[in-house]
Amino acid sequence: MGKTDMDVSVLGFGGSEIGYQRVSAKTVARLLGGALDAGLNVIDTAECYEDSEELIGKALGARRRDVHLFSKCGHARAEARSDWRPEALSRSIERSLRRLATDHLDLIQLHSCGLDVLRRGDAITALERARGRGWVRYIGYSGDGEAARWAVESGRFDTLQTSVSVADQEAIDLTLPAARAAGLGVIAKRPLANVAWRYARKPTEAYYQEYWERLRALDYAFLRGKADAAVKTALRFTLSVPGVHTAIVGTTKPDRWRQNAALLGDGRLPEAERERIRARWKAVAPASWEGQI
Ligand SMILES: NC(=O)c1ccc[n+]([C@@H]2O[C@H](COP(=O)([O-])OP(=O)(O)OC[C@H]3O[C@@H](n4cnc5c(N)ncnc54)[C@H](OP(=O)(O)O)[C@@H]3O)[C@@H](O)[C@H]2O)c1
C-alpha cells in the first residue's frame, strides 16, 4: 500500500454501518470472522461510529494480528463538535486503543478536518507524536476536495482515504495522481456510492440523497441490469482507478464480504468499460459535484 509496508486486501471492511445501525456483537463476530477466513485484512473504523470500535475489538480478539487496523480522530463520540486540539486528538487515540483492545493501530487518520486545521499544522503534529510513541504505525488524512489535495501535497501523511465511486469521481483528477506520485497509500471510502441506485424513490436518509440524485442524472446503463452485476461493475470501477489500493465497503450483513469478494473474481474492469463510465461522468457532472465527505 504505497510506501507503507502493508500488503492489503483490495476489499476492506468499512466499520461505520455496524456502529450506526447498532449491529449486535454476535453478528459482528460472525461477519468479521467469516471475512477474515476468506482473506480480509483491512478494517477501517472511527472514534465517532457509535460502538464500532468496541464491536471490532471484541470480534477480533486474538486475530488482531491478522489485520491492518485503521481508525480516525477528531470527533470524540457523544460530542457534537469536532475537536482538533492536539491534547484532544491524543486522548482520542488512547481511547481508540482501549476500545479496539490493541496496543497499536496500523493507521490513524484525521477525520475530515478542513483546510484551516491542516494549515495550522498542530493536529498533524499530534498524529506524528502518536507515531513517535508507537501508538500508531502510520498517519493519514481522510477527506476530500481541496483539503485532501493540501494533505497529499504537504508530504506529512502516509495515506489518503477519499471518496471514489461511479457517483463520486472528483478525486480521480484532483488528488489521486499526486497521491500516486508521492507513494501514498490510498483507501477508497464510500466505494459503492452506498448502492444508492437501489432506491426507487429519493431516500429519506440525507447521507444517501446526493449520490441518489447524481446516479439518476448519470443514468448508467449498467445500473439497469441485475443487482449483483451492477454492484460488480461499480466495485470493479472503483478498484480500477489508478492509485487506489483498497476499497472499504460498509455492511451490516455477515455474508456480504464474501459475496463482494466473489464479485471481484474477474479482477479489474476492462479499460473500455472503465472509459465509458468516465466519459459519462465527464459529460454529465457539473463542477458542483464535489467529493462527498
Ligand atoms: N469522512 C470519512 O472519513 C468517511 C465518510 C464516509 C465513509 N467512511 C468510511 O467508508 C466506509 C464505507 O462507506 P459507506 O458504508 O458509507 O459506503 P459504501 O461502502 O459505498 O456502501 C455501503 C452500503 O452498501 C451496501 N452494500 C454493500 N455490498 C452490497 C451488495 N453486494 N449488494 C447490495 N448492497 C450492498 C451496504 O448494505 P448492507 O448492509 O445491506 O450490506 C451498505 O448499505 C465506512 O464504513 C467508513 O469506514 C469514511
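Structure first, text after, so check above.
The rules behind these values
- Residues numbered from 1 in each chain as written.
- Predicted model: local features only at pLDDT ≥ 70, side-chain atom pairs only at ≥ 80, totals over all residues.
- Heavy atoms only, no water.
- Disulfide = S-S within 2.5 Å.
- Buried < 20%, exposed > 50% of the residue type's maximum accessible area, 1.4 Å probe, protein only.
- Helix = DSSP H or I, 4+ residues; strand = E, 2+ residues; numbered from the N terminus.
- Contact = heavy atoms within 4.5 Å.
- Near = heavy atom within 4 Å.
- Polar contact = N/O pair within 3.5 Å; in protein donor to acceptor, adjacent residues only side chain to side chain.
- Areas by Shrake-Rupley, 256 points an atom, 1.4 Å probe, with all protein chains shown as cover.
- 1 Å grid on protein atoms, 1.4 Å probe; cavity = no way out; pocket = protein on both sides within 12 Å on 5 of 7 lines; lining within 4 Å.
- Sits in = over half its atoms within 2 Å of the grid points.
- Nonpolar A, V, L, I, M, F, W, Y, C, P; charged D, E, K, R; others polar.
- Points joined across faces, edges and corners; volume = space filled by probe spheres on them.
- Phe/Tyr/Trp six-rings, centres within 6.5 Å; stacked < 30°, edge-to-face > 60°.
- Core = buried A, V, L, I, M, F, W, Y, C linked by side-chain atoms within 4.5 Å.
- Pairing = 2+ DSSP bridges.
- Axes fitted to C-alpha atoms, helices over the stretch in contact; angles between N-to-C directions.

*Asks:* Help me out: how do you make sense of the state of the cysteines in this one?
*Replies:* Note: disulfide means a covalent bond formed between the sulfur atoms of two cysteine side chains. Tallied over the entire structure, the rule returns 0 disulfides. With no disulfide of its own, cysteine 48 has cysteine 73 as its nearest cysteine by sulfur position, at a separation of 10 Å. In this structure cysteine 113 is not part of a disulfide, and its nearest cysteine sulfur, from cysteine 73, lies 8.8 Å away.

*Asks:* Looking at this model, I keep getting lost on helix α3 (residues 52-60). Mind explaining?
*Replies:* Quick reminder: α-helices carry 3.6 residues per turn. Residues three or four places apart thus point the same way. Listed in full, the buried residues belonging to α3 are Ser52, Glu53, Leu55, Ile56, Gly57 and Leu60. On its buried face, α3 is in contact with β1 (11-14), α1 (16-20), α2 (25-38), β2 (42-44), β3 (68-73) and α4 (86-99).

*Asks:* Looking at this model, I keep getting lost on the site of the ligand. Mind explaining?
*Replies:* Around the ligand sit 31 residues in total, of which Ser142, Tyr207, Thr251, Lys253 and Arg256 are the nearest. A distance of 3.4 Å is found between an oxygen atom of the ligand and a backbone nitrogen or oxygen belonging to glycine 14. Within the side chain of tyrosine 207, an N or O atom sits 2.5 Å from an oxygen atom of the ligand. Protein burial of the ligand: of its 910 Å² of free accessible surface, 94% is covered by the chains. With respect to the pocket detection grid, the ligand is positioned in the largest pocket. Looking at the shell around the ligand, the elements with two or more residues in it are α1, β8 (246-250) and α12 (256-263). Split into classes, the residues belonging to the shell around the ligand amount to 10 nonpolar, 13 polar and 8 charged.

*Asks:* Can you walk me through the layout of surface pockets in this structure?
*Replies:* Take a probe with the size of a water molecule and roll it over the atoms, and the empty space left behind shows itself. Taken as a whole, the largest pocket encloses approximately 1,000 Å³ of empty space. Broken down by secondary-structure element, the contributors of at least two residues to the lining of the largest pocket are α1, α10 (206-218), α11 (227-240), β8 and α12. Ranked by residues supplied to the lining of the largest pocket, first place goes to α12 with 4 residues. Residue composition of the lining of the largest pocket, by class: 14 nonpolar, 14 polar and 10 charged.

*Asks:* Honestly, the packing of aromatic side chains in this entry has me stumped. Any pointers?
*Replies:* Centre distance and the angle of the planes are the two values used to describe a pair of aromatic rings. Scanning all chains against the criterion turns up 6 aromatic pairs. Arranged with centres 5.8 Å apart and planes meeting at 45°, the rings of tyrosine 207 and tyrosine 208 form a pair that is tilted. Take tyrosine 207: its relative accessible area is 37%, and that puts it in the partly exposed class. Accessibility expressed as a relative area gives 11% for tyrosine 208, which makes it buried. Each member of the aromatic cluster is reached from another via a ring pair, and the members are Tyr199, Tyr207 and Tyr208.

*Asks:* Quick question: what am I supposed to make of the nonpolar core here?
*Replies:* Generally speaking, nonpolar side chains in soluble globular proteins are found buried as a group. Counting residues in each nonpolar core, the largest one holds 82 residues, and the members touching the most others are Leu110 and Tyr141. Here this core gets 6 residues from one element, more than from any other, and that element is α11. Those residues in contact with leucine 110 that lie beyond four places of it in its chain are Cys73, Trp84, Leu89, Leu118, Ala123, Ile124, Leu127, Gly140, Tyr141, Ser142 and Phe157. Core analysis: the next-biggest nonpolar cluster, separate from the first, contains 9 residues, Met1, Met6, Leu107 and Tyr138 among them.

*Asks:* Looking at this structure, how should I read the environment of lysine 253?
*Replies:* Turning to its location among the elements, lysine 253 is positioned in the loop between β8 and α12. For the pair lysine 253 and leucine 32, spaced 221 residues apart in sequence, the C-alpha to C-alpha distance is 9.9 Å.

*Asks:* Please explain the pairing of strand β4 (residues 105-111) as it appears in this structure.
*Replies:* Each regular strand carries side chains that alternate between the two faces of the sheet. The buried fraction of β4 is high, at 7 of 7 residues. Pairing analysis gives 4 bridges linking β3 to β4, with the strands arranged parallel. By the bridge assignment for β4, cysteine 73 is matched with leucine 110. Looking at chain direction, β4 and strand β5 (residues 136-142) are connected through 6 bridges and run parallel. The partner of histidine 111 across the bridge, within β5, is serine 142.

*Asks:* Help me understand the sheet that holds strand β6 (residues 159-163), please; the structure alone is not making it clear to me.
*Replies:* Pairing between the strands of a sheet comes from backbone hydrogen bonds, and it takes one of two forms, parallel or antiparallel. Taken in spatial order, the 8 strands close into a barrel running β1-β2-β3-β4-β5-β6-β7-β8, and their pairing is parallel. Mean inter-strand twist for the sheet, computed between neighbouring axes without regard to direction, equals 25°. With 3 bridges connecting them, β2 and β3 associate as parallel partners. Bridge pairing in β3 places isoleucine 43 opposite leucine 69.

The analysis is restricted to geometry; functional conclusions fall outside its scope.
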